[in-house]
Amino acid sequence: MSIVIAVLALGGLTLALALLLVVANKKLYVYEDERINVVEDMLPHANCGACGFPGCRPFAEALVAGKVLPGKCTVSSPEGREAIGDFLGISVGNEEKKVARLACGGGTNVARNKATYEGLESCQAAALVSGGGKGCFWGCLGLGDCQKVCDFDAIHLNEYSLPVVDLDKCTACGDCVEVCPKDLFSLQPISHQLWVNCKNLEKGDEILEDCQVACTACGRCAMDAPGDLIVIENNLPVINYSLAHKTQEPIQRCPTGAIVWLDPKLGIVKGRESSKIIRKGDREPGFS
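Residues numbered from 1 in each chain as written. Predicted model: local features only at pLDDT ≥ 70, side-chain atom pairs only at ≥ 80, totals over all residues. Heavy atoms only, no water.

Asker: Give a detailed account of the packing of aromatic side chains, specifying residues and quantitative values.
Answerer: The description of an aromatic ring pair rests on the distance of the ring centres and on the angle between the ring planes. What the rule picks out here adds up to 2 aromatic pairs. Between Phe137 and Trp138 the ring centres are 5.7 Å apart and the planes differ by 90°, which places this aromatic pair in the edge-to-face class. Over the ring of Phe137 we find Lys182, and its NZ or CZ is 4.1 Å from the ring centre. (Phe/Tyr/Trp six-rings, centres within 6.5 Å; stacked < 30°, edge-to-face > 60°. Lys NZ or Arg CZ within 6 Å of the ring centre and 35° of its normal.)

Shown next as structure tokens:
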């Protein structure tokens, strides 16, 4: 009899817990809009974070909830964004594409190393050894951490070991920004074509011994720029992109080509008074 009572008690408890779970499931059920799955399938599945969300799924949820517009996904094609807008019955919206920009022009043909680094082929590792051995402390070390970390094949080192960003492939994920030990990368709207291509903070022509394209803080760009578009801070030009900046006038008298115009087709455009670089091979290492 005791065994029967125990079985009945256990069965009753099991039934009670099952009923409790059924009630809880009904009460705590969170409805998920079926359109989320459809919108997620229409997204590029890059999960790059360029939209400001950690992945395409959270972005799809925000789209269906009406918190953002499809134009926020700058990785998707115009047709893809339009399709999402049509499906949800909302406007596409305008969001300017952002890309990674490198603030250094010091490739091996113009920049000199004061020491030879031997070790792990990594900028982060090299930077731990006296800054990497480059004459310009702020210059690109050229070991390609940015290229290795880019999941979208958007960064390649050129013949002078300087990273080049493919604007069509760049998703503005920010991985290159995080991995660069010299903080040379930043995410910029593609309309930011007037660009300071240097991060050197030393003033004077002495830096040219280490890098021929370094900024010397001569201030000509600030003098030639309209209004307060450019100011010199910490011996480096700073562009106020909140002002009208569609002008190439500030680059024209730069003697080293440290401030440039980034043309989508022509690439880096330097001013008329910038020194011409004709060296095709690596600059000889040495001490200044």
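Asker: Account for a negative patch on the surface, with residues named and values stated.
Answerer: On the surface, Glu202, Asp205, Glu206 and Glu209 cluster together into a negatively charged patch. Taking the relative accessible area as the measure of exposure, Asp205 reaches 53% and is therefore exposed. (Patch = residues over 30% accessible without salt bridge, like charges linked within 9 Å, V, L, I, M, F, W, Y side chains within 5 Å. Areas by Shrake-Rupley, 256 points an atom, 1.4 Å probe, with all protein chains shown as cover. Salt bridge = Lys/Arg side-chain N within 4 Å of Asp/Glu carboxyl O. Lys, Arg positive; Asp, Glu negative; His and termini not counted. Charge placed at Lys NZ, Arg CZ, Asp CG, Glu CD. Buried < 20%, exposed > 50% of the residue type's maximum accessible area, 1.4 Å probe, protein only.)

Asker: Describe the sheet that holds strand β9 (residues 267–269), and please don't skip the residues or the numbers.
Answerer: Reading across the sheet, the 3 strands line up as β5-β8-β9 and stay open at both edges, with antiparallel pairing between neighbours. Both outer strands of the open sheet, β5 (194–196) and β9, are each paired with one neighbouring strand and no more. On average, each strand axis in the sheet is tilted by 40° relative to the strand beside it, whichever way the strands run. Note: β5 against strand β8 (residues 259–263), 3 bridges, orientation antiparallel. Opposite Trp195, over in β8, you have Val260 as the bridge partner. (Pairing = 2+ DSSP bridges. Helix = DSSP H or I, 4+ residues; strand = E, 2+ residues; numbered from the N terminus. Axes fitted to C-alpha atoms, helices over the stretch in contact; angles between N-to-C directions.)

Asker: Tell me what's going on with the nonpolar core, and back it up with residues and numbers.
Answerer: The biggest cluster of nonpolar side chains holds 27 residues, and the ones touching the most others in it are Leu194, Trp195, Leu229, Ile230, Ile239 and Ile259. Every element with two or more residues in this core is listed here: β5, β7 (236–239) and β8. Among all residues touching Ile239, those that are not within four sequence positions of it are Leu194, Trp195, Val196, Leu229, Ile230 and Ile259. Membership of the second largest hydrophobic core comes to 17 residues, among which are Cys146, Cys150, Cys176 and Cys180. (Core = buried A, V, L, I, M, F, W, Y, C linked by side-chain atoms within 4.5 Å. Contact = heavy atoms within 4.5 Å.)

Asker: Explain helix α3 (residues 56–64) residue by residue, including any values.
Answerer: Because each turn of an α-helix spans 3.6 residues, side chains separated by three or four positions in sequence point in the same direction. Looking at α3, one finds that the buried residues are Cys56, Phe59, Ala60, Ala62, Leu63 and Val64. Against the buried residues of α3 lie α2 (35–42) and α4 (78–88).

Asker: Kindly report on the environment of Val110, identifying the contributing residues and their values.
Answerer: For Val110, the position within the fold is in the loop between β1 (98–102) and α5 (123–127). A residue is classified by how much of its surface remains accessible, and Val110, at 3% relative accessible area, is buried. Sequence spacing of Val110 and Gly12 is 98 residues, and the spatial spacing of their C-alpha atoms is 83 Å. With residues up to four places along the chain from it excluded, the contact list for Val110 reads Gly105, Asp210, Cys211, Gln212, Val213, Ile277, Arg279 and Arg283.

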